[in-house]
Number of protein chains: 2
Amino acid sequence: DILYNVEKLLTPQDLAGLDVLVTAGPTREPLDPVRYLTNRSSGKMGYALARAAALRGAEVTLVSGPTGLTAPPDVVTIAVETAREMYEAVLQHFEQADVVIKAAAVADYRPQDVAGRKIKKQGQELQLQLVHNPDILAELGRRKKDCQLLVGFAAETNDLERHALAKLKGKNLDLLVANDVTAPGAGFDCDTNQVKIFARNGEVVSLPLMDKNKVAQQILDRVAGLLTDRREAN
Amino acid sequence: DILYNVEKLLTPQDLAGLDVLVTAGPTREPLDPVRYLTNRSSGKMGYALARAAALRGAEVTLVSGPTGLTAPPDVVTIAVETAREMYEAVLQHFEQADVVIKAAAVADYRPQDVAGRKIKKQGQELQLQLVHNPDILAELGRRKKDCQLLVGFAAETNDLERHALAKLKGKNLDLLVANDVTAPGAGFDCDTNQVKIFARNGEVVSLPLMDKNKVAQQILDRVAGLLTDRREAN
């Protein structure tokens, strides 16, 4: 992609030398070979982040659930389907990553039993037993070393600030990007997003509605800032 | 679309004057504003049918679940999300249709309760109570007049012939198009498909693996043939 390479030549390489791991998209949790449980994530925010980080010189690995999107040629993309596949792929790469940005909307629950054949219509009702998927972000928060930066996302429909702060602390994140997916122009399948970025140090930035590529730049600006602060503190 | 118009000019208008109703894609059955239950239908088979019927001169209405596809400009497309929305849209149009081709993969079940807010993670397990969606095809079979032609689809993972014949009879169809979605190159999200077409009169045609546009033409050939037979019988 020539345009991409030109854009990269014109972009300050302030993330050069950094290994950035991004996750994107929804996960699919099968009930049988045909049916699955999923969510409205389009993957656009994660792909915008992967692209923006690569443009700024980072070595980017993108672990992506099913989306119709394509990443730039210099992003290593690992396609996964279920939350457990994403867990495996992320954990495998986590050790070597400097920055991890978990933009994927991982399914919290999956059907306990996956039928090998298509479930035929039965009675009027069907009980579906769901079990918890592994909490990837919490696991990364536990494993995180001081030199690593962990950025999480929260899609909320209510009590945004309370849920966001609880998640930031509870999962040992450095930054949490929260959006109210019910707000017009924000959230799933939109090309725009309106987010609040909560930092571990208490700083909160409320951004106006903007293109997801611009939101990605804003998030990476904060990542770059935190990395600079750390270097100066050492 | 100039190419489409040229192709139409070159296509025999053997379905001219017919009102053809096609359904396509999956349905989405929400659990809450973010999560939903769905299936692997891409909508490609239904869109290929709508396009092929319009090229052959039919007035086509396409009732489509969420897909990334676009129909030709002379196809009236009605976008729906849930099985119940599809039921409403199809029933509204059914009376005036000469031919109905139900290529959509309608969800058999939906969550009984839809949460207005995103369900927060709770315990390790979650019971999801599913209830039956209305059976659109069966309802159309009940309402069908002698002058109407009803074509159904069956995506199977096992016992294809038995399931297909049961569906053809049970739902009062004129044609049933069955495919084994586990066969290589057949079924969901493929550009090709390998189908067996079962007719009410006992005729069974096994087609080789072919492009979905070609499968659509084969199905419409049989529809046109049945309509000619009827005209000649009267």
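Calculation notes
- Residues numbered from 1 in each chain as written.
- Chains lettered and ligands numbered in written order.
- Predicted model: local features only at pLDDT ≥ 70, side-chain atom pairs only at ≥ 80, totals over all residues.
- Heavy atoms only, no water.
- Pairing = 2+ DSSP bridges.
- Helix = DSSP H or I, 4+ residues; strand = E, 2+ residues; numbered from the N terminus.
- Axes fitted to C-alpha atoms, helices over the stretch in contact; angles between N-to-C directions.
- Buried < 20%, exposed > 50% of the residue type's maximum accessible area, 1.4 Å probe, protein only.
- Least-squares fit on C-alpha atoms with pLDDT ≥ 70 in both.
- Contact = heavy atoms within 4.5 Å.

1. With respect to the sheet that holds strand β13 (residues 204-206) of chain A
All names here are of chain A.
Right, on to step 1. Strand order in this open sheet of eight strands is β5-β4-β1-β6-β9-β10-β12-β13, and the pairing throughout is mixed. In the strand order of this sheet, the two ends are held by β5 (76-79) and β13, each with one partner. The average undirected angle you get between the axes of adjacent strands in this sheet is 15°.
Right, on to step 2. Inspection of the sheet shows strand β4 (residues 59-64) paired to β5 by four bridges, in the parallel sense.

2. Re the pairing of strand β6 (residues 99-102) of chain B
All names here are of chain B.
Right, on to step 1. Side chains Val 99 and Ile 101 project from β6 onto one buried face, and the interleaved Val 100 and Lys 102 project onto a second face that is buried too.
Right, on to step 2. Across four bridges, strand β1 (residues 19-24) lies against β6 in parallel orientation. The partner of Leu 21 across the bridge, within β6, is Val 100.
Right, on to step 3. Bridging between β6 and strand β9 (residues 149-156) involves four bridges; their strand directions are parallel. Across the sheet, Val 100 pairs through a bridge with Leu 150, a residue of β9.

3. Quick word on the relation of the copies chain B and chain A
Right, on to step 1. Of the transformation superimposing chain B on chain A, the axial component is 0.0 Å and the angular component is 180°, with the fit at an RMSD of 0.0 Å. As the rotation angle and translation indicate, the two copies are arranged about a two-fold axis.
Right, on to step 2. A shared binding surface is used by both copies, with 100% of the interface residues of chain B retained as interface residues in chain A.

4. Regarding the sheet that holds strand β7 (residues 109-111) of chain A
Right, on to step 1. What the four strands build is an open sheet, ordered β7(A)-β8(A)-β8(B)-β7(B); its pairing is antiparallel. Two strands close off the open sheet at either side, each with one partner strand: β7 of chain A together with β7 (109-111) of chain B. On average, each strand axis in the sheet is inclined to that of its neighbour by 40°, with strand direction left out of account.
Right, on to step 2. Here strand β8 (residues 125-132) of chain A runs beside strand β8 (residues 125-132) of chain B; their pairing, made up of seven bridges, is antiparallel. Looking across to β8(B), one finds that Leu126(A) is bridged to Leu130(B).

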